[in-house]
Amino acid sequence: MYSPHPTVAAPPRRRLALIVAAGLMAMVAPLMAAAQSVMDIRAVVNDEAITAYDVHQRLNLIIRSSSLPDTETVRREFAPRVLNSLVDEALQKQEARRLGVKVNPKEIKRALALLEQQNKLPPGGLDNFLAERKIDKQTLLKQVESSLAWSDVVRRQLLRSINISDEEIEKALERIKANADKPRLLAAEIFIAVDSPNDEANALRNAQRIYSELKRGASFPLLARQFSQSASAERGGDLGWVQPGELEPEVEKVLAGMRPNTVSEPVRASSGFYIVALRNRREPPSKSASDTTVNLRQVVLPLPSPDDIQGRQSQETLARTIRDTVSGCSDFSAVSRELGAGPSGDLGRLKLTELPADLRQLVATLDVGAVSPPLVNDTSLRLLMVCDRRTPKISLPSPEEVRRRLTLQRVEVRARRYLRDLRDAAFLDIRA
């Protein structure tokens, strides 16, 4: 068919050149895109640049390791927080270099082993975990090294200047004792600091964004490690078993009303916003009958048949006499021996939960050394005495443990102030 615009075949050499050029462009395009990403500077921290590539790689680490959906919306929402974290890390590394702080490779190895434990990976399984999710290991190593370096800086610069008085320790112990009969809680936290009124709105947005992703199934430990501003971040936010008096009142109030395996909405406390997870709850020993044991003794008086009214009255009178005159276990044991063998005597040490339901409440409330009211059935009349009651003592932290906790709390506050001062003194150019 005739065409008004016939196609003219290119000469063989020219055609080959076009094919080669197209192939080169296909090879070079990704490299150019990567180079552009590297050169796309998102922030300058003193003399150090943070690029779009750095932000992209950190987002990969967070999203692919924490079950977040890898969507443009999620990346756009978390990018400002990630950039802010990278700025803080740059300041922390620069301060560490200024002070001559170097991280020992053994510390990094221990930190990676802890990450494996937190993610329930076998020893050495972190590499496969990262490879399966296409996460650059160097991105993780940079973050771990920065965290360890900053911890060392904080210890060197702040720890020695903090003094916890004996009076503070006594007050803390009094608070713990006052709440000793309340449940212990296995909890974790994500903390977003509010260091000034200007931080309030941004901190709340960040906390709400994190909470939304947790509700969608994101990993609490991994988001805590990435975004929490408390010392517990290194442990995935884990607080261990805590009791009332150890956390901020607003946080304790929320935890008290939570069910195990649930996560709270952001909670405003004095120093910032908390998102807390309740993993488990257990009653203190003093509230658990299963932990209480008693040494129990009894005197059993046989009753004649119902027709022998006088005989039954005689045994009832004897029971009242024993109850009114016997004082203590030695007297009670003597009466038991005088009445002969049989069912009377020492019943040994028993858990309250091992007793029949009708006896449990009576024995639980019977004073040690007191004789119980007569327990009557068709064939006998029984008197009980608790000779000893043992309830495990509530374990309180030692004064040194309290001192350590108070010191860490104060270090956290001063470390945030230290970082804020570094920000104020630095040259920062943060770009949208």
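Residues numbered from 1 in each chain as written. Predicted model: local features only at pLDDT ≥ 70, side-chain atom pairs only at ≥ 80, totals over all residues. Heavy atoms only, no water.

Looking at the environment of Pro304
- With respect to the helices and strands, the residue Pro304 is situated in the loop between β8 (293-302) and α11 (309-325).
- Note: C-alpha distance between Pro304 and Thr379 (75 residues apart in sequence) is 7.0 Å.
- With sequence-adjacent residues up to four places away left out, Pro304 is seen in contact with Gly311, Arg312 and Gln315. (Helix = DSSP H or I, 4+ residues; strand = E, 2+ residues; numbered from the N terminus. Contact = heavy atoms within 4.5 Å.)

Regarding the state of the cysteines
- In total, this model carries one disulfide according to the counting rule given.
- For Cys329, the disulfide goes to Cys387, at an S-S distance of 1.8 Å. Judged by the sign of its S-S torsion, about -120°, the cystine formed by Cys329 and Cys387 is left-handed. Taken as a pair, Cys329 in helix α12 (residues 328-338) and Cys387 in strand β11 (residues 380-390) lie far apart in primary sequence, 58 residues in all. For the residue pair Cys329 and Cys387, the accessibility class agrees, reading buried in each case. (Disulfide = S-S within 2.5 Å. Buried < 20%, exposed > 50% of the residue type's maximum accessible area, 1.4 Å probe, protein only.)

A look at the packing of aromatic side chains
- This structure, assessed with the given rule, holds three aromatic pairs.
- With 5.4 Å between their ring centres and 25° between their planes, Phe78 and Phe227 make a pair best called stacked. With Phe78 in helix α3 (residues 72-98) and Phe227 in helix α9 (residues 220-227), the pair connects residues that are 149 residues apart, well separated along the chain. For the pair shown, Phe78 and Phe227 are each scored as buried.
- The aromatic ring of Phe273 is capped on one face by Arg268, whose charged end is 5.3 Å from the ring centroid.
- Residue placement shows Arg282 over the ring face of Trp241; its charged tip is 4.0 Å from the ring centre. (Phe/Tyr/Trp six-rings, centres within 6.5 Å; stacked < 30°, edge-to-face > 60°. Lys NZ or Arg CZ within 6 Å of the ring centre and 35° of its normal.)

Some points on the sheet that holds strand β2 (residues 48-51)
- In spatial order, the strands read β2-β1-β12; together these three strands make up an open sheet with antiparallel pairing. Here the strands that pair on one side only, and so sit at the sheet edges, are β2 and β12 (428-430). Across the sheet, the mean angle from the axis of one strand to that of its neighbour is 20°, orientation sign disregarded.
- Judged from the three bridges that link them, strand β1 (residues 41-45) and β12 form a sheet pairing that is antiparallel. Each bridged residue has a counterpart across the sheet, and for Val45 the counterpart in β12 is Leu428. (Pairing = 2+ DSSP bridges. Axes fitted to C-alpha atoms, helices over the stretch in contact; angles between N-to-C directions.)

Quick look at unusual backbone geometry
- Even without a glycine there, the phi angle at Lys134 is positive, about 55°.
- With respect to the secondary-structure elements, Lys134 resides in the loop between α5 (126-132) and α6 (137-158).
- One non-glycine residue, Asn261, adopts positive backbone phi at about 65°.
- Looking at where Asn261 falls in the secondary structure, it is placed in the loop between α10 (249-256) and β5 (262-263).

Quick notes on the pattern of salt bridges
- Evaluation of the coordinates by the stated rule reveals 27 salt bridges.
- A salt bridge links Arg75 to Asp70; its shortest N-O distance comes to 2.8 Å.
- By relative accessible area, Asp70 is classed as partly exposed at 42%.
- Between Glu401 and Arg405 there is a salt bridge, with the nearest N and O atoms lying 3.1 Å from each other. Here Arg405 and Glu401 lie together in helix α14 (residues 399-425), a separation of four residues that amounts to about one turn.
- You can call Glu401 partly exposed: its relative accessible area is 23%.
- Judged by relative accessible area, Arg405 falls into the partly exposed class, the value being 26%.
- Three or more residues joined by partner-sharing salt bridges are found here, namely Glu246, Glu401, Arg404 and Arg405. (Salt bridge = Lys/Arg side-chain N within 4 Å of Asp/Glu carboxyl O.)

Looking at the pairing of β1
- Across four bridges, the pairing between β1 and β2 is antiparallel. Note on β2: the bridge partner recorded for Ala43 is Ile50.
- Counting the residues in the hairpin turn of β1 and β2 gives two residues, including Asn46, whose phi is positive at 55°.

Some thoughts on the environment of Ala52
- Mapped onto the fold, Ala52 is located in helix α2 (residues 52-65).
- On the accessibility criterion, Ala52 (11% relative accessible area) is buried.
- Linking Ala52 and Asp40, residues twelve residues apart in sequence, is a C-alpha distance of 5.5 Å.

Notes on α9
- Among the eight residues of α9, seven are classified as buried, and the element is accordingly described as predominantly covered.
- Residues of α9 that are buried: Phe220, Leu222, Leu223, Ala224, Arg225, Gln226 and Phe227.
- For α9, the capping residue at the N-terminal end is Ser219, with a side-chain oxygen 3.3 Å from the backbone nitrogen of Leu222. (Polar contact = N/O pair within 3.5 Å; in protein donor to acceptor, adjacent residues only side chain to side chain.)

As for the side chain of Glu116
- Considering the arrangement of structural elements, one finds Glu116 in helix α4 (residues 105-118).
- Among buried charged residues, Glu116 stands out as having no salt bridge; its nearest opposite-charge side chain is Lys137, 7.5 Å away. (Lys, Arg positive; Asp, Glu negative; His and termini not counted.)

Purely geometric stuff here, so don't read any function into it on its own.
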